[in-house]
Amino acid sequence: MSTVKMNDIKVIANIGAGTMGHATAMQFAMKGYQVNLLDMSQAALKHGLELIDHDLDTFEQNGIIKGNQKADILARIVPTTDYSDALTEADFVIESIVEDLKVKQTVWQKAEHYLSDQTIMATNTSGLSPTAIQDGLKHPENFVVAHFWNPAQLMPLVEVVPGERTAEDTVKTTVSLMNHIGKHAVALKKEALGFVGNRLQLAVLREAFKIINDGIASPAAVDDIVKYSLGRRWSLLGPIASADLGGLDVFKNISTYLYDDLANNTGTDPVLKKMVDQGDLGVKSGKGFYDWEGDNGKEAILMRDINLLKLLKNDEKHTE
């Protein structure tokens, strides 16, 4: 049985109004879709709408939306705690709830009772198996991962990941929809633990932690080396194209002597374990590899978001 086609998608159901969920709901509403925003309580919905209101103000201040657009965007978002109200007319459902496999399975199996046989079901998990989540669904062929990156209203990437029983049309339509709302969707050929983005991120972090632990460089030095070399280059071309430009023979020669010296530990990272055992969790505890006491954390997040907004505006100029 085929899934809904891109041009037939009119109503979005958005399960979860938290950090990620409020942002995905806003993105769809900004593109003109009716969005039924579903969460467990009125308090959660109120908080989600407050986050959306704040983000729209930020977009307005930065020229991403015009002043008269905010009210229309908000009017397209319909908050509810009722599954039937949220899902019965939905053509596409996106879910952003707790990263717990059993919880996601339970929510999706309940949600599917209210959906048509063509509705696409997408989970915004950052790494859980779509094959495991779709197990028990009547229409697993309609189920797919649409992994937004945090902060979802500012980061363009969406990883679209099929499970073992996901139909090709489900992937294609999801990619088209994500691109239509202004994201940059990338489809994986098959699922892998952590997908692609988090696999690359953790591979880099594993080596970064080893460098710090071995006394080769400080955390600040590691960050500067990435920001002012690899980060800039990869944001333009990516690591694979950069290797092509640098010469695969050069990288092959480097790999012959460097691979054996790189971090290859498995299981829990020893550096991270030590930090967590000490209660040094980063911004949330006031200390990690850096001192985040006072307003340091807020200032870092603000600076990050200001620069992400600049990049977002630049992206929109090139798509106009």
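See the structure above.
Residues numbered from 1 in each chain as written. Predicted model: local features only at pLDDT ≥ 70, side-chain atom pairs only at ≥ 80, totals over all residues. Heavy atoms only, no water.

Things to note about the overall build of the protein chain
Right, on to step 1. The secondary structure content of the protein chain amounts to 13 helices and eight strands.
Right, on to step 2. Computed over the C-alpha atoms, the radius of gyration of the protein chain is 21 Å, within 12% of the 20 Å expected from 2.2 N^0.38 for a compact globule of 320 residues.
Right, on to step 3. When the backbone C-alpha atoms are referred to their principal axes, the protein chain occupies close to 60 × 45 × 45 Å.
Right, on to step 4. With 320 residues in all, the protein chain has 40% of them scored as buried.
Right, on to step 5. Considering only contacts within the protein chain whose residues lie at least 6 apart along the sequence, 69% involve residues at least 24 apart.
Right, on to step 6. Counting 32 positive and 43 negative side-chain charges, the protein chain places the centres of these two groups 3 Å from one another. (Helix = DSSP H or I, 4+ residues; strand = E, 2+ residues; numbered from the N terminus. Rg over C-alpha atoms; globule rule 2.2 N^0.38 Å. Buried < 20%, exposed > 50% of the residue type's maximum accessible area, 1.4 Å probe, protein only. Contact = heavy atoms within 4.5 Å. Lys, Arg positive; Asp, Glu negative; His and termini not counted. Charge placed at Lys NZ, Arg CZ, Asp CG, Glu CD.)

A word on the sheet that holds strand 8 (residues 184-187)
Right, on to step 1. Strand order in the open sheet made by the eight strands is 3-2-1-4-5-6-7-8, with mixed pairing throughout. At either end of the open sheet lies a strand with only one pairing partner, and these are strand 3 (77-80) and strand 8. Across the sheet, the axes of successive neighbouring strands diverge by a mean angle of 25°, strand direction being ignored.
Right, on to step 2. Strand direction decides the pairing type here: strand 4 (residues 92-95) and strand 5 (residues 120-123), joined by four bridges, are parallel. (Pairing = 2+ DSSP bridges. Axes fitted to C-alpha atoms, helices over the stretch in contact; angles between N-to-C directions.)

Quick look at the pairing of strand 1 (residues 11-15)
Right, on to step 1. Burial runs high along strand 1: five of the five residues are buried.
Right, on to step 2. Residues V11, A13 and I15 line one face of strand 1 and the alternating positions I12 and N14 line the opposite face, and both faces are buried.
Right, on to step 3. The parallel pair strand 1 and strand 2 (residues 34-38) is bridged by helix 1 (residues 21-30), and the resulting crossover is right-handed.
Right, on to step 4. Where strand 1 and strand 4 come together, four bridges link them in parallel fashion. By the bridge assignment, N14 is partnered in strand 4 with I94. (Right-handed = clockwise from strand over helix to strand, strands pointing away.)

Structural notes on the pattern of salt bridges
Right, on to step 1. Enumeration over the complete set of coordinates arrives at eleven salt bridges.
Right, on to step 2. The closest approach of N and O atoms between K46 and E50, which form a salt bridge, is 2.6 Å. Pair noted here: K46 and E50 are both in helix 2 (residues 42-61), with a separation of four residues, about one helical turn.
Right, on to step 3. Taking the relative accessible area as the measure of exposure, K46 reaches 52% and is therefore exposed.
Right, on to step 4. Counted as one network, the salt bridges with shared partners bring together D53, D57 and K70. (Salt bridge = Lys/Arg side-chain N within 4 Å of Asp/Glu carboxyl O.)

Overview of the packing of aromatic side chains
Right, on to step 1. Within the structure shown, the criterion is met by six aromatic pairs.
Right, on to step 2. Relative to Y114, the ring of Y83 lies with its centre 6.2 Å away and its plane at 40°, an arrangement referred to as tilted. With Y83 in helix 4 (residues 83-87) and Y114 in the loop between helix 5 (101-112) and strand 5, this residue pair connects regions lying 31 residues apart in the sequence.
Right, on to step 3. Measuring from ring centre to ring centre gives 5.4 Å for F209 and F289, while their planes differ by 15°; the resulting arrangement is stacked. Taken together, the residues span a long stretch of sequence, with F209 in helix 8 (residues 197-213) and F289 in the loop between helix 12 (270-277) and helix 13 (296-319) at a distance of 80 residues.
Right, on to step 4. With a relative accessible area of 8%, F209 lands in the buried category. (Phe/Tyr/Trp six-rings, centres within 6.5 Å; stacked < 30°, edge-to-face > 60°.)

Observations concerning helix 8
Two residues of an α-helix separated by three or four positions point the same way, owing to the 3.6 residues in each turn.
Right, on to step 1. The first and last C-alpha atoms of helix 8 sit 24 Å apart over 17 residues, in line with the 24 Å expected at 1.5 Å per residue.
Right, on to step 2. All buried positions along helix 8 are accounted for by G197, N198, A208 and F209. One side of helix 8 holds all its buried residues, which, seen down the axis, span an arc of 100°.
Right, on to step 3. The inward-facing, buried residues of helix 8 abut strand 6 (143-148), strand 7 (157-162), helix 9 (219-236) and helix 12.
Right, on to step 4. Backbone geometry just downstream of helix 8 places G215 in the positive-phi region, at approximately 75°. (Expected span 1.5 Å × (residues − 1). Arc of directions from axis to C-beta.)

With respect to the environment of A13
Right, on to step 1. In this structure, A13 sits in strand 1.
Right, on to step 2. Overall, the relative accessible area of 1% leaves A13 in the buried class.
Right, on to step 3. When the C-alpha positions of A13 and V78 are compared, they lie 9.5 Å apart, and in sequence the two are 65 residues distant.
Right, on to step 4. Apart from the residues lying within four places of it in its own chain, the contact partners of A13 are N36, A86, L87, A90, F92, V93 and I94.

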